[in-house]
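# Architecture at a glance
Take a look at the letters that make up each chain.
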Amino acid sequence: MIRRFRTRLIVILLLLVSGSIAISLFAMNFSVEQQAERSIAQELNVSERVFRELLNSRSELLLQAAQVLTDDFGFKRAVATGDKDTIVSVLVNHGERINTELMVLQTPAGGEIAATHPIGNEVTKDSHGQHLAIVDGELFQLITVPVKAPQLIAWATLGFQIDSNLAAELQNLANADISLWQESSKKVIASSLEPELQTNLQNALKRKSSLTNWLDEQALVGKETLLEASQGDQVHVLLSSSLEEAMADVHRVQWQMLLIGVLAVLIAGAVALLMARSVSRPLSRLTEAAKQLQKGDYGNLNLEKRADEFGELAITFESMKGAVSERERRISFQATHDQLTGLPNRAQFAADLERLLNRGCEGTLLLINIRKFRTLNDTLGQEVGDFVLKQIAQRLTDFGEQSLSARIGGDEFALVFEDKLSANHDLIKSLRSFIEKPVKVGESDYPILFNTGAVEFPRQGKVFDTLLRRAQVSAQEAKRRQDFVFLYSEGLDEQYLRKLDILEHLKYAADEKELTLLLQPKIETQTGKTIGAEALLRWQNEKLGFVGPDEFIPLAEQSGLIKKLTEWVFKQSVSYLKRINVAGDFSLSINLSAIDLLSDEILSVIDELEREMPELNKHLILEVTESAIVSDPDAAIERLNWLRGKGYQVSIDDYGTGYSSLEQMRRLPVTELKIDRAFVQPLVSSVTDQSIVRSTIQLAHELGLKVVAEGVEDVESWNWLKNQNCDVLQGFYFSKPIPLDDFNERLKGESRD
């Protein structure tokens, strides 16, 4: 391991220079090779154009010769009279003048009149004009023109052979070797390659090897193109060059670059040696100064004053000393304070409160939440939200009566007063009036309201986590009550924790088979016979015990779990209907919440159950509360119309205790009205309730609705409702909610009677 700084500096400089040169050489080498490849490709493209131009020139020559031949009067007369000797003589003389290897004269129907090669009708058919053809295994460039006198009397075809001699001639012009082979036979027709390479190419074509692989094996670069020949055949043309020859200039440049790089490294080594000698002395002093700063000693560094960069570095060290000291102070502050408001953060607040608790101090912890802060953020933007948070933090700081204050969450602030505070305490009143002033946002005043939870310590909590949890629960209770502050009462957080337990276990209640569906009979008023039932959900959990519907149903609606419970009730109800031995007019009532009514899941559940039980709409009554309709009347009425359109009866549950209105009743597509038990139970003794129930029955009947009275608990109420022509009764006088088997036994008993 190198220990001396001077040596390390030399090595580092050499490595840096060498690395830079190596990267530069690599980049230049890569660029040169890329340029060489592009040049080769460009040369091959040029060679291809030269090749095609040469073929076109030969075609023009053939065309001119053919036109001269066909325009010759004596030749036309010989063709017209069938003078074969004259025809052959003219063809031979004409061919010798232009050095054509192939001359053919055919009748208009394709019959041969005279020919140097037996090309047949297939070669010239549909190929009049210039084209390529394979004749006797050789490739010819042909031109076929008509002989007219003045009508068409013959077809004259002239052709140049494309062979290795032509390929060699093309190689000189195109500066690239040219090889041609037939697609169908894989036979090399012509090539300017060396005989050995021609043999290798022929063998590769017979083996059907990849042309790219063959070029790589022979250290060649090439470009392939296709020429169309007669009878649907194709001729492959390969233009190739030696890779070694093409890259010779590149290799020469690479060696030159390498030599330049070696010289640069040697020069850099010499420069590095000189620099190392001038740097090592002041650096040793700077090292001692750095060790001094490392120890946290921010005293005089005693650095050497110089007029060069090391002098500037010494000045920087002095500045750094102050900056490091300030940064340490700032980091310490940021670790314990909220960056937006500057108040202590949760960790620092917890530590400060724990110190008060350890000293045996008494007081009150307030947890302050900004009411509807999320709406403010979503409406006005996060920038305005941050501005509001800073304003509230400043107000809490200015209030100054608290011993501790902090921001412990998004819109949560905490204060500690070393006093026992009540809701009407002067400090609470002062705090509320001080912080609930509107916040000015732009030109507008934005009202700010708060929910505050209060908990005493150490009486209601001796550790931070307990106090904070109970303060949060109290703040939630203040929000529910729409109050500024709520003081923690014993058992409040136990209720909160129980709600969390209920929600956690409710997720799996259906899967764990903890749910039960009970049936409460519905009685025909005039006869006392059971004509239906209401399905009521019950839950028994191993840990929580019996959980009443008034406890878990509201939580299920808040969390969205009500959809899963309703689906379970629907499926269980269909199962019950199949097992109940009743007449065709028997009905089973199921309760729908506002979430169920307005969700699309209920539609798919009903469709699925209708496939299982097509007559489900004849036996199912869907009960909805007035509050479910009030939340979104238009959507609710649309959904109720959909249900009525499918033949389901719809009942308004708990009528009279919600948001009843005649306007709403007029619009609702319902078939049944259920009078709430609050009006039915006191019927015998309350004239007022009698008037309400009597008028409700009369109104419902005039609207064409059936009336159900729930909560019937004595025979007197039954008789009174019978006199008022109420349609259906439900209550403990007749039966409490019972299991399916007991319900079936009840029906059997009624049938025997």
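For the structure, check the block above.
Below you will find a few notes about this structure. (Residues numbered from 1 in each chain as written. Predicted model: local features only at pLDDT ≥ 70, side-chain atom pairs only at ≥ 80, totals over all residues. Heavy atoms only, no water.)

## Some words on the overall build of the protein chain
Across its full length, the protein chain holds 27 helices and 25 strands. Buried positions account for 44% of the 753 residues belonging to the protein chain. In the protein chain, the proportion of contacts linking residues at least 24 apart, taken out of those at least 6 apart, comes to 63%. (Helix = DSSP H or I, 4+ residues; strand = E, 2+ residues; numbered from the N terminus. Buried < 20%, exposed > 50% of the residue type's maximum accessible area, 1.4 Å probe, protein only. Contact = heavy atoms within 4.5 Å.)

## Here's the deal with the pairing of strand E5 (residues 152-162)
When you tally the buried positions in E5, you get eight out of eleven residues, the bulk of the element. Of the pairings in the sheet, the one linking strand E1 (residues 102-106) to E5 comprises five bridges and is antiparallel in character. Considered in E5, the bridge of Met-103 is made with Leu-158. Strand direction decides the pairing type here: strand E4 (residues 138-148) and E5, joined by ten bridges, are antiparallel. Pairing of Leu-139 across the sheet is with Ile-162, part of E5. In sequence, E4 turns back onto E5 through a hairpin of three residues. (Pairing = 2+ DSSP bridges.)

## Thoughts on the packing of helix H11 (residues 346-358) against helix H15 (residues 464-481)
Geometry of a packed helix pair, given as the angle between the helix axes and the separation of the axes. Across the interface, H11 lies against H15 with an axial gap of 10 Å and an inter-helix angle of 110 degrees. Comparing their axes, H15 and H11 come out roughly perpendicular. Taken together, the residues of H15 that come into contact with H11 (itself represented by Arg-346, Phe-349, Ala-350, Leu-353, Glu-354 and Leu-357) are Phe-464, Leu-467 and Leu-468. Here the residues of the contact of H11 with H15 sort into seven nonpolar, no polar and two charged. (Axes fitted to C-alpha atoms, helices over the stretch in contact; angles between N-to-C directions. Parallel < 35°, antiparallel > 145°, perpendicular 65-115°, else oblique. Nonpolar A, V, L, I, M, F, W, Y, C, P; charged D, E, K, R; others polar.)

## Some remarks on the sheet that holds strand E16 (residues 485-487)
Read from one edge to the other, the open sheet built from five strands follows the order E11-E12-E10-E15-E16, with strand pairing classed as mixed. The sheet is open, and its two borders are formed by strand E11 (404-407) and E16, each paired with just one other strand. If you compare each strand with its neighbour and ignore which way they point, the axes differ by 20 degrees on average. When strand E10 (residues 363-370) meets strand E12 (residues 412-417), the two strands line up antiparallel, connected through six bridges. Residue pairing in the sheet places Asn-369 in a bridge with Glu-412 of E12. Contacts from helix H13 (residues 382-399) reach E10, E11, E12 and strand E15 (450-457) within the one sheet, and its direction differs from that of E12 by about 5 degrees.

## Considerations on helix H25 (residues 687-702)
Each turn of an α-helix holds 3.6 residues, which means side chains three or four residues apart point in the same direction. The terminal C-alpha atoms of H25 lie 23 Å apart, and with 16 residues this matches the ideal 22 Å at 1.5 Å per residue to within 8%. Residues of H25 that are buried: Asp-689, Gln-690, Val-693, Thr-696, Ile-697 and Ala-700. Buried positions in H25, seen along its axis, are confined to an arc of 135 degrees and lie on one side of it. Of the residues in H25, the exposed ones pointing more than 90 degrees away from the buried face are Val-687, Thr-688 and Glu-702. Buried-residue contacts for H25 involve strand E22 (649-655), strand E23 (672-675), helix H24 (677-680), strand E24 (706-710) and helix H26 (715-723). After H25 finishes, the residue Gly-704 shows a positive phi value of roughly 80 degrees. (Expected span 1.5 Å × (residues − 1). Arc of directions from axis to C-beta.)

## Quick look at the sheet that holds strand E9 (residues 234-242)
A sheet is described by the order of its strands in space; here four strands give the open sequence E7-E6-E9-E8, paired in antiparallel fashion. The open sheet has two edge strands, strand E7 (188-191) and strand E8 (220-228), and neither has a second partner. Taking the axes of each pair of neighbouring strands and ignoring which way they run, one obtains an average angle of 20 degrees across the sheet. Of the strands in this sheet, strand E6 (177-182) and E7 touch helix H6 (residues 195-206), which is tilted by about 150 degrees from E7.

## Overview of the packing of aromatic side chains
On inspection of all chains with the given rule, the structure shows eight aromatic pairs. Consider the rings of Phe-399 and Phe-417, whose centres lie 6.4 Å apart with planes at 80 degrees: the pair is edge-to-face. Taken together, the residues Phe-399 in helix H13 and Phe-417 in strand E12 connect sequence positions 18 residues apart. Measuring from ring centre to ring centre gives 5.2 Å for Tyr-733 and Phe-734, while their planes differ by 80 degrees; the resulting arrangement is edge-to-face. Its relative accessible area of 13% is what places Phe-734 among the buried residues. One aromatic cluster is present, built from ring pairs that chain together Phe-399, Phe-417 and Phe-434. Geometry around Trp-718 places Lys-722 over its ring, the cationic atom sitting 4.9 Å from the centre. (Phe/Tyr/Trp six-rings, centres within 6.5 Å; stacked < 30°, edge-to-face > 60°. Lys NZ or Arg CZ within 6 Å of the ring centre and 35° of its normal.)

## A word on unusual backbone geometry
Cis geometry marks the peptide bond from Phe-457 to Pro-458, where omega comes out at 5 degrees. For Pro-458, the location among the structural elements is in the loop between E15 and H15.

## Some thoughts on the pattern of salt bridges
For the coordinates displayed, the defined rule picks out 25 salt bridges. Three or more residues are tied together by salt bridges with common partners; here these are Glu-534, Glu-623, Lys-674 and Glu-710. (Salt bridge = Lys/Arg side-chain N within 4 Å of Asp/Glu carboxyl O.)

## Quick look at the nonpolar core
Counting 76 residues, the largest nonpolar core has Leu-519, Trp-539, Phe-570, Leu-620, Leu-721 and Leu-729 as the members making the most contacts within it. Ignoring anything within four residues of it in the chain, the contact list for Leu-620 reads Phe-570, Leu-577, Leu-588, Ile-590, Tyr-648 and Gln-649. Membership of the second largest hydrophobic core comes to 28 residues, among which are Leu-376, Leu-396, Leu-415 and Ile-428. (Core = buried A, V, L, I, M, F, W, Y, C linked by side-chain atoms within 4.5 Å.)

## Quick word on the side chain of Gln-141
Of note, Gln-141 is situated in strand E4. The exposure class assigned to Gln-141 is buried, which follows from its relative accessible area of 4%. With sequence-adjacent residues up to four places away left out, Gln-141 is seen in contact with Leu-55, Arg-58, Ser-59, Leu-62, His-131, Leu-132, Leu-158, Gly-159, Phe-160 and Ile-162.

## Brief notes about the environment of Ser-430
Here Ser-430 shows up in helix H14 (residues 426-435). With 31 residues separating them in the primary sequence, Ser-430 and Phe-399 have C-alpha atoms 8.8 Å apart.

## Description of the packing of H13 against H14
Where H13 meets H14, the axes come as close as 10 Å, and the angle between the chain directions of the two elements is 140 degrees. When the interaxial angle is binned, H13 and H14 end up oblique. Our pair here, H13 against H14, has a crossing hand that is right-handed. Residue-level inspection shows Ile-392, Arg-395, Leu-396, Asp-398 and Phe-399 of H13 in contact with H14, the latter providing Leu-427, Ser-430, Leu-431, Phe-434 and Ile-435. (Left-handed = near helix turned anticlockwise from the far one by under 90°.)

## What to know about the side chain of His-337
For His-337, the position within the fold is in the loop between helix H10 (309-336) and H11. Judged by relative accessible area, which is 18%, His-337 ranks as buried. When residues no more than four places from it in sequence are discounted, the contact partners of His-337 are Gly-342, Leu-343, Pro-344 and Asn-345.

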